[in-house]
Amino acid sequence: MLPLGNFFINRLICKLPVWAGQLRFLGSSMQYLFRWQIFFFVIFVSLSYPLSAKTIQSSQNSIDSVLQMAKDKKLSERPEWLAMGHYRFANFPLQALFSGYESYIDDPEFFLAVDGKKDPQAELMATLQSFYNPDAKASDGQPVLCRYQVRYQWLNKQLDLNLAFSPEEDCELFVKWFNAINPGQVRLIFPSSYMNSSSSMFGHTLLRIDPPPGKERVDLISYAVNFGAILQVTKFDPFYAYRGLAGGYPGQFAVMPYHKKVKEYSKIENRDIWEYDLNLSKDEVNKMVLHLWEIGDSNFDYYFIDENCSFRLLSLLDVARPGLNSVQEFTVATIPIDTVRVLKDKGLIEGFKFRPSKATIMQSYIAALAKDEQNIVKDLVEQPELLDGELFQSLPENRKPLMVNTAFQYLRYTQTKKERSDKAARDSLIFLSALNKFPDENKLITIEEPARAENGHKVNLASISSGYIGDDSFADFQYRLVYHDLLDSDYGFLRGTEITFADTTFRWHKEEGLEVEKFDLISIAAFTPRTNFISLPSWSIRTGAEQVNAWGEEHLVAFVDGGRGVSYSMSGNDISYALLLGRFEYNPVYNSNFAPGMGFEVGQLWYLPWGVLQLDASALEMLNADDYRLNLSLEHNIVTSTNSAVRLGVERFINRDQHYTVSEIGFRYHF
Amino acid sequence: MKIKHSLIAASLLLSPVIASADAPLGADCGWGNMLFDGQSGFVPHILASTTNGSTYNNIIGAIAGTNGCSFDGALGYGGTSMLSMTDFMDDISHDIAQGEGEALDALMVMMGIEQQDRPLFKKVAHENFDTIFPSADVTAKDMLTSLSDVMKDDAVLSKYTG
């Protein structure tokens, strides 16, 4: 199926009623869902009898006067109400089609009014009416008051409803759930990028609900709140990423024990996690959790760029603390780390904790060993029986525990994402049992915290530069939507990684005027130095359009190129890399417009105290086009502040018909 | 309150719950998880990073227990079931071997071990590592049973085993 076709079909599917979307995407997990829906139904039917028998009554106000009062007070325009319904004021292009408000929730079952998605006032009226109707049920079968408790609490405060309603008595399942979560504090969880996958460089955010201060807290068994796309991972679907970008999946909130998330991020994906303490009060936390309950299984469209995990979590916080309006800070893209920045700016973040990934811990253990000790650890992992060998026995007593601990961790690391191996399991236990026998000292080391991502440079970039091509001068204007290239300050970032998106450079030239020099739609690189212990591939991929010199002419050509190879680090402050390159471009100059190319690239990055220096050489043979391209460049990024830098570059370019030198100096600003 | 807590824990460690681990809770619940189990379900990186797909799609499911696992037997704060422990059994074994760690702390809370008994619990578990993990093929249920046996032999910790 064509991607374009998919796009439209999936957009349509997302607009269908909730069950249709679930059928489409949940596959076999539907069974469970159904089972639970039946379970809920039974629970709520049995619950609803005592509730309706009680006859909810208003103390003073009749329903009509309540509705009138709500209208008079214009409650539906209050930020609290708009936040609870996830309403936004429709943006310009949408405004032309619909007037006024629209909710981010793409699920008719969430709303009590038929047109609740676009009409906050109608939703408010329908809510009040259903509060006064003892038989009113939410879409999932619960009594309306049990599901929409945040609405009730707020409306009660505004309108003095004083309905005879007690969650403890009327909402058994809710109470069970609420008590299990035991909310008291909230933490924002930020799993950072992971080794060798720059596409995770954006990170992710989720929330963790912890018990009230003073109560015993064990993070692993607290509950995490995650927003993600609903999909059933049964086979690889090449359109996953595309659908994530284009909004082909519905998204939902999910609650799960935090250790499941730790396992996923820290153990399987090797991502370090930052846990930020938010200073929400107990009331605010309660409100957030109640709101989560009222959202339930409601679908939101999931968009990777803007309406993603981070964006949705902020909307929860906006309900918890009316007036926070954190969602409004994001219009074009929501980069998870920016949510940390926004919450920090708004004074919500009070402290943090670092949770290193298993790989980070292992690397710290490896780094604590001398070279020959590292080699012994490698041998041990191959042959655990060497523990009883002469060499190991002759080592100093205070070094043995550390080496055995490292061997265990490395062995487990090699088993990441693998099915259970009996041998590896046996060997792992041999190391643990050996570790257990050593005296308690010298088994553990402390793990150093890396720089925090929110203290690194910001996401957007603008730069202005000027230089010479041969004797002709030019000026460049660059704007990049996100995020980080190989030469940008590495403070708070993983070294040897690049991910940029929508990176555009305009060039002004005396003769040719202003033209697009380069548009990188996406550019990703991950150079992970190989060590004795870790041998991940280094790779890069880039697509977009750029000016290319070929057969004596310059043209803007669309291209995709990529490389794969290896990289090493000698001193720890450098990365040398070598890649095989492949390229495909549409070049109107050549006889055959679709031109493939092959070549190689070698280079080195130096991480100097004031910035990154890169020396790079590449050679590319354009197949079927009788052309080649040789590049030699030296670039240096001198960091002038967290968010600014001066970049210098000189490049020598040679092809079949031309050779020239480009030199450039520019100022860069991240914002 | 605290005493009640440890009694629930005790009931779990005692035969009824452990014995019934196969039957009403079902094999999917994790009691049969082995030490150093594999991580099934390979997720392509790009998927994980773009959509953060999650195995629990429900606000309530994870707590009430999907996969037909019982809600009962929930203990520790937050209503966490001892089943949770099956997810980080590897870390528990590592922590017991090295004498300390977060997974071990979580286990103690879930078992209702009171503050003052925790250093002792750590020490006893550490000293009996080979009894608790006699082979690499132990399941979560085996581990809890051996741990319970070890605790029964200790004058102080035996109170948690009923």
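Predicted model only: the values in this text are computed from it and were never measured.

(A) The overall build of chain B, seen in detail. Regarding its fold elements, chain B presents nine helices and zero strands. For chain B, the residues scored as buried account for 59% of the 162 residues in total. In chain B, the share of contacts with a sequence separation of at least 24, taken over all contacts with a separation of at least 6, comes to 68%. Accessible surface for chain B amounts to roughly 6,200 Å². Of this, 56% is attributable to carbon and sulfur atoms.

(B) Broad picture of the overall build of chain A. For chain A, the count of helices and strands is 21 helices and 21 strands. When contacts within chain A are restricted to residue pairs at least 6 apart in sequence, those whose partners lie at least 24 apart make up 63%. Carbon and sulfur atoms make up 57% of the accessible area of chain A, which totals about 28,700 Å².

(C) Helix α11 (residues 172-181) of chain A, seen in detail. Residue and element names in this part refer to chain A. Within α11, seven of the 10 residues are buried, which leaves the element mostly enclosed by the surrounding structure. Taken together, the buried positions of α11 are L173, F174, V175, W177, F178, A180 and I181. Immediately beyond the C-terminal end of α11, within one or two residues, lies N182, with a positive phi of roughly 50°.

(D) Just the confidence of the model for chain B, in detail. All names here are of chain B. Averaged over every residue, the pLDDT of chain B is 67; residues scoring 70 or more account for 51%. Confidence over residues 1-28 falls short of pLDDT 50; this stretch has 50 contacts with residues more than four positions distant or in other chains. For residues 41-57, every residue scores under 50 in pLDDT, and the model assigns this stretch 54 contacts once sequence neighbours within four places are set aside. If you check the scores for this complex, the pTM reads 0.82 and the ipTM reads 0.81.

(E) Broad picture of the environment of S641 of chain A. Residues and elements named next belong to chain A. Here S641 shows up in strand β19 (residues 627-641). A relative accessible area of 35% means that S641 is categorised as partly exposed. Considered as a pair, S641 and G582 are 59 residues apart in the sequence and their alpha carbons are 36 Å apart. Side chain to side chain, S641 and S644 meet in a polar contact 2.7 Å long.

(F) Local environment of the pairing of strand β20 (residues 644-655) of chain A. Residue and element names in this part refer to chain A. As paired strands, β19 and β20 are joined by 12 bridges and run antiparallel to one another. Considered in β20, the bridge of S641 is made with S644. Here β19 folds back onto β20 in antiparallel fashion, the turn holding two residues. Pairing geometry for β20 and strand β21 (residues 659-670), over 11 bridges, is antiparallel. When the sheet's bridge partners are listed, S644 is paired in β21 with Y669. Taken together, β20 and the strand that follows it, β21, pair antiparallel across an intervening segment of three residues.

(G) Looking closely at the packing of helix α9 (residues 149-159) of chain A against helix α14 (residues 282-295) of chain A. Residues and elements named next belong to chain A. Packing of α9 against α14 leaves a shortest axis separation of 7 Å and a crossing angle of 125°. The pairing of α9 with α14 is recorded here as oblique in orientation. Between α9 and α14, the residues in contact are Q149, V150, R151 and Q153 and K287, L290, H291 and E294, respectively. For the contact of α9 with α14, a count of residues per class yields two nonpolar, three polar and three charged.

(H) The arrangement of the nonpolar core in detail. Grouped together as the largest cluster of nonpolar side chains are 91 residues, with contacts concentrated most on F131, L155, L161, L207, L278 and Y483 of chain A. Non-local contacts of L278 of chain A, meaning those with residues more than four positions away in its chain, are made with V186, R187, L188, L207, L317, L343, L348 and I349 of chain A.

(I) Spotlight on the state of the cysteines. Residue and element names in this part refer to chain A. If you walk through the whole model with that rule in mind, you get one disulfide over all chains. Disulfide pairing places C146 opposite C171 at an S-S distance of 2.0 Å. Across the S-S bond of C146 and C171 the torsion is about -85°, and the bridge reads as left-handed. In this pair, C146 is assigned in helix α8 (residues 144-147) and C171 in the loop between α10 (167-170) and α11, connecting sequence segments 25 residues apart. In this structure, C146 and C171 share a single accessibility class: buried.

(J) Up close: the side chain of T339 of chain A. All names here are of chain A. Inspection of the secondary structure assignment puts T339 in helix α16 (residues 336-345). Relative accessible area serves as the criterion here: at 1%, T339 is assigned to the buried category. Once residues within four sequence positions are removed from consideration, T339 is found in contact with L188, T205, S310, L314, F330 and T334.

(K) Local environment of the pattern of salt bridges. One pass over the full model with this rule turns up 54 salt bridges over all chains. Across the pair E123 of chain A and R151 of chain A runs a salt bridge whose closest N-O atoms are separated by 2.8 Å. Residue E123 of chain A is located in helix α7 (residues 120-131), and its partner R151 of chain A is located in helix α9; the two are separated by 28 residues in the primary sequence. Both residues of the pair, E123 of chain A and R151 of chain A, count as buried. Connected via shared salt-bridge partners are R187, R208, D210, R217, D219, E275, D277, K353 and R355 of chain A together with E102 of chain B.

(L) The arrangement of the sheet that holds strand β13 (residues 513-526) of chain A in detail. All names here are of chain A. Strand order in this closed barrel of 12 strands is β10-β11-β12-β13-β14-β15-β16-β17-β18-β19-β20-β21, and the pairing throughout is antiparallel. Strand-to-strand, the axes of this sheet are offset by a mean angle of 20°, without reference to chain direction. Bridge count for strand β11 (residues 472-484) against strand β12 (residues 497-509) is 10 bridges, and the pairing is antiparallel. In the sheet register, Q478 faces β12, and the bridge partner there is T505.

(M) Here's a closer look at the packing of aromatic side chains. Residues and elements named next belong to chain A. Under the definition given, this model contains 28 aromatic pairs over all chains. Taken together, a centroid distance of 5.5 Å and an interplanar angle of 80° make the contact between Y152 and F165 edge-to-face. Of this pair, Y152 sits in helix α9 while F165 sits in the loop between α9 and α10; the two residues are 13 residues apart in sequence, bridging distant segments of the chain. Both residues of the pair, Y152 and F165, belong to the buried class. Taking the centre distance of 5.4 Å and the plane angle of 65° together, the rings of Y483 and F493 count as edge-to-face. You can see Y483 sitting in strand β11 and its partner F493 sitting in the loop between β11 and β12, a full 10 residues away along the chain. As far as the burial class goes, Y483 and F493 line up, both buried. One Lys or Arg, R312, reaches over the ring of F227 and ends 5.6 Å from the middle of that ring. Here the guanidinium or amino end of K378 rests over the ring plane of F533, the centre of that ring lying 5.7 Å away.

(N) Expanded view of α7 of chain A. Residue and element names in this part refer to chain A. For α7, with 12 residues, the first-to-last C-alpha span of 16 Å sits near the 16 Å given by 1.5 Å per residue. Buried residues dominate α7, accounting for 10 of its 12 residues. Among the residues of α7, those classed as buried are P120, A122, E123, L124, M125, A126, T127, L128, S130 and F131. Packed against the buried residues of α7 are α4 (63-72), α5 (79-84), β1 (87-89), β2 (101-103), α8 and α9. Measuring from the backbone nitrogen of Q121 back to the side-chain oxygen at the start of α7 gives 3.1 Å, which picks out D119 as the cap.

(O) Representation of the environment of I209 of chain A within the structure. All names here are of chain A. Along the chain, the position of I209 falls in strand β4 (residues 206-210). The class for I209 is buried, based on a relative accessible area of 1%. In sequence terms I209 and F227 are 18 residues apart; their C-alpha atoms lie 14 Å from each other. In contact with I209, not counting residues within four places along its chain, are I181, P183, Q185, S222, Y223, V225, M288 and V289.

The rules we used
- Here the residue index of a chain counts from 1 through its sequence in written order.
- Each chain gets a letter, beginning with A, and each ligand a number, beginning with 1, in the order they are written.
- With pLDDT at 70 or above as the cut-off, local features in this predicted model cover only qualifying residues; side-chain atom pairs require 80 or more to be listed or tallied, and sums for whole chains, interfaces and linings still use all residues.
- Water and hydrogen atoms play no part in the side-chain values, which are based on all heavy atoms of the structure.
- Under the scheme used here, helices are H or I runs from DSSP no shorter than 4 residues and strands are E runs no shorter than 2 residues, and both carry numbers assigned from the N terminus.
- For the exposure calls, accessible area comes from a 1.4 Å probe over protein chains only, and a residue counts as buried if that area is under 20% of its type's maximum, exposed if over 50%, partly exposed in between.
- Only heavy atoms matter for contacts: two residues are in contact if any of them lie within 4.5 Å across the pair.
- Methods summary: accessible areas were calculated by the Shrake-Rupley approach with a probe of 1.4 Å, and residue burial reflects only the protein chains presented.
- pLDDT expresses, on a scale from 0 to 100, how confident the predictor is about each individual residue.
- In protein, a polar contact requires one atom able to donate a hydrogen and another able to accept it; more generally it is a pair of N or O atoms within 3.5 Å, and residues adjacent in sequence count only if both atoms are side-chain atoms.
- Paired strands, as defined in this entry, are two strands with at least two bridges between them according to DSSP.
- To obtain each axis, a line is fitted to C-alpha atoms, and for helices this fit is confined to the stretch in contact; angles are then taken between N-to-C directions over 0 to 180 degrees.
- Note that the term roughly parallel is reserved for angles under 35 degrees, roughly antiparallel for angles over 145, roughly perpendicular for angles of 65 to 115, and oblique for everything else.
- Residue classes follow a fixed rule: Ala, Val, Leu, Ile, Met, Phe, Trp, Tyr, Cys and Pro count as nonpolar, while Asp, Glu, Lys and Arg count as charged, and any other residue, Gly among them, counts as polar.
- What is meant by a nonpolar core is a set of buried Ala, Val, Leu, Ile, Met, Phe, Trp, Tyr and Cys residues, joined one to another through side-chain atoms within 4.5 Å.
- In what follows, a disulfide is any cysteine sulfur pair within 2.5 Å.
- Every case where a carboxyl oxygen of Asp or Glu lies within 4 Å of a side-chain nitrogen of Lys or Arg is listed as a salt bridge.
- The aromatic pairing rule takes the rings of Phe, Tyr and Trp, using the six-membered ring of Trp, and pairs them if the centres are within 6.5 Å, calling planes under 30 degrees apart stacked, those over 60 edge-to-face and the rest tilted.
- We count a charge as sitting over a ring when the NZ of a lysine or the CZ of an arginine lies within 6 Å of the ring centre and within 35 degrees of the ring normal.
- By definition here, a helix of n residues has an expected span of 1.5 Å times n minus one.

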